[in-house]
Amino acid sequence: MTAIRSWKYLNRAAKNLFPLLAILVLAPVLTSCISTARNLTDDSDKTQTALSEGKSVVFGRIHWSENGKEKKIGKGMFDFYVKPSLLRLEDKSRTLCDVAENGDFAWALNPGTYVINRMEYRDTWSGNYFFLPQIAFRISEPQKTYYIGTLASEVETKRDLIGGLSMKARFHIVDQSDQVYQDYADRNDIEQNAILKALMVHEKGLPRTFDTTAEYNIGLQLLNAIFMGM
């Protein structure tokens, strides 16, 4: 197994301070800017449909550990959950991705260079937070199946007197292809040699946001150099 480690600190999700009228006006615009990638881990039919329609499928796992214990990932809007938010650099489209309770995921995506620009975090007591993990991966071809590894977290949490969280997290990428290839191939009726490996990378030099042209250019140039060298 290979692992890349770095410490990252939590960013509290900002509360919306606009009046209710502004929220109602802007909601359709904001939701239209972010698509959702359904988790296809246990849906081989939709996986094959996505491939036939020209998308590729990436699969792997998020292992979320807090204070030394693995934490199950919920699905409901009031459950604890973590969800990666992807930024595709080629067109700056954003995708919020679902994961299973045990962290397994399989997403249908267009080829491109993707940055996990935010890791959305829902605490059942105090609400929404997010991390900036500085992690990326690249899908080179359409209609292919890619294994991108396990994104493992080691999170330390502390709750204050009014219930708010302070946290710090260390993320690293783990290659578990020897353990997961056979299971994925069996569940989706494909040959193991049809699976391509394109592990996520962690890069401290990545901009923490891609909101400006300068940040975007720096990030794209850096990732091009990394992926061309792999």
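The structure under discussion appears in the preceding block.
No experiment lies behind these values; they were computed from the predicted model shown.

1. Considering the overall build of the protein chain
Here is step 1 of the chain: Within the protein chain, the secondary structure is distributed over four helices and 15 strands.
Here is step 2 of the chain: When each of the 230 residues of the protein chain is scored for burial, the buried share is 46%.
Here is step 3 of the chain: Expressed as a percentage of contacts within the protein chain between residues at least 6 apart in sequence, the contacts between residues at least 24 apart total 71%.
Here is step 4 of the chain: By element, 53% of the accessible surface of the protein chain is carried by carbon and sulfur atoms, the whole surface being about 12500 Å².

2. Brief notes about the packing of helix α2 (residues 44–52) against helix α3 (residues 177–188)
Here is step 1 of the chain: Running from N to C, α2 and α3 cross one another at 90 degrees; their axes reach a closest spacing of 9 Å. Taken together, α2 and α3 sit at an angle that is classed as roughly perpendicular. In this structure, α2 contributes S44, T47 and Q48 to the contact, and α3 contributes Y184, R187 and N188.
Here is step 2 of the chain: Its residues assigned to classes, the contact of α2 with α3 shows one nonpolar, four polar and one charged.

3. Examining the pairing of strand β7 (residues 93–97)
Here is step 1 of the chain: Across four bridges, the pairing between strand β3 (residues 34–37) and β7 is parallel. From the neighbouring strand, I34 faces β7, where its bridge partner is R94.
Here is step 2 of the chain: As paired elements, strand β6 (residues 81–88) and β7 share four bridges and run antiparallel to each other. Bridge pairing links L86 to T95 in β7.
Here is step 3 of the chain: With antiparallel pairing between neighbouring strands as the criterion, β6 and β7 make up a hairpin whose turn holds four residues, including K92 at a positive phi of roughly 60 degrees.

4. Describing the pairing of strand β10 (residues 127–131)
Here is step 1 of the chain: Extensive coverage of β10 is indicated by the burial of four of its five residues.
Here is step 2 of the chain: Looking at chain direction, strand β9 (residues 112–123) and β10 are connected through five bridges and run antiparallel. Paired with E120 across the strands is F130, a residue of β10.
Here is step 3 of the chain: Taking the residues that link successive antiparallel strands as the turn, the β9-β10 hairpin has three residues.

5. Focus on α3
Here is step 1 of the chain: The terminal C-alpha atoms of α3 lie 16 Å apart, and with twelve residues this matches the ideal 16 Å at 1.5 Å per residue to within 8%.
Here is step 2 of the chain: Three or more residues of α3 are buried, namely S177, Y181, Y184, A185 and N188. In a view along the axis of α3, the buried residues occupy a sector of 100 degrees, so they form one face of it. Exposed residues pointing more than 90 degrees away from the buried face of α3 are listed as Q179 and D186.
Here is step 3 of the chain: Contact partners of the buried residues in α3: α2, β4 (56–66), β8 (104–109), β12 (145–159) and β14 (195–197).
Here is step 4 of the chain: Backbone geometry just after α3 places D189 at a positive phi near 55 degrees.

6. What about the packing of aromatic side chains?
Here is step 1 of the chain: Taken as a whole and assessed by the stated rule, the structure comprises twelve aromatic pairs.
Here is step 2 of the chain: Ring geometry for W64 against Y121: centres 6.0 Å apart, planes inclined by 45 degrees, an arrangement best described as tilted. Of the two residues, W64 sits in strand β4 while Y121 sits in strand β9, which places them 57 residues apart along the sequence.
Here is step 3 of the chain: The exposure class assigned to W64 is buried, which follows from its relative accessible area of 1%.
Here is step 4 of the chain: Y121 sits in the buried class, given a relative accessible area of 1%.
Here is step 5 of the chain: Taken together, a centroid distance of 5.8 Å and an interplanar angle of 85 degrees make the contact between F131 and F171 edge-to-face.

Thresholds applied
- Residues numbered from 1 in each chain as written.
- Predicted model: local features only at pLDDT ≥ 70, side-chain atom pairs only at ≥ 80, totals over all residues.
- Heavy atoms only, no water.
- Helix = DSSP H or I, 4+ residues; strand = E, 2+ residues; numbered from the N terminus.
- Buried < 20%, exposed > 50% of the residue type's maximum accessible area, 1.4 Å probe, protein only.
- Contact = heavy atoms within 4.5 Å.
- Areas by Shrake-Rupley, 256 points an atom, 1.4 Å probe, with all protein chains shown as cover.
- Axes fitted to C-alpha atoms, helices over the stretch in contact; angles between N-to-C directions.
- Parallel < 35°, antiparallel > 145°, perpendicular 65-115°, else oblique.
- Nonpolar A, V, L, I, M, F, W, Y, C, P; charged D, E, K, R; others polar.
- Pairing = 2+ DSSP bridges.
- Expected span 1.5 Å × (residues − 1).
- Arc of directions from axis to C-beta.
- Phe/Tyr/Trp six-rings, centres within 6.5 Å; stacked < 30°, edge-to-face > 60°.

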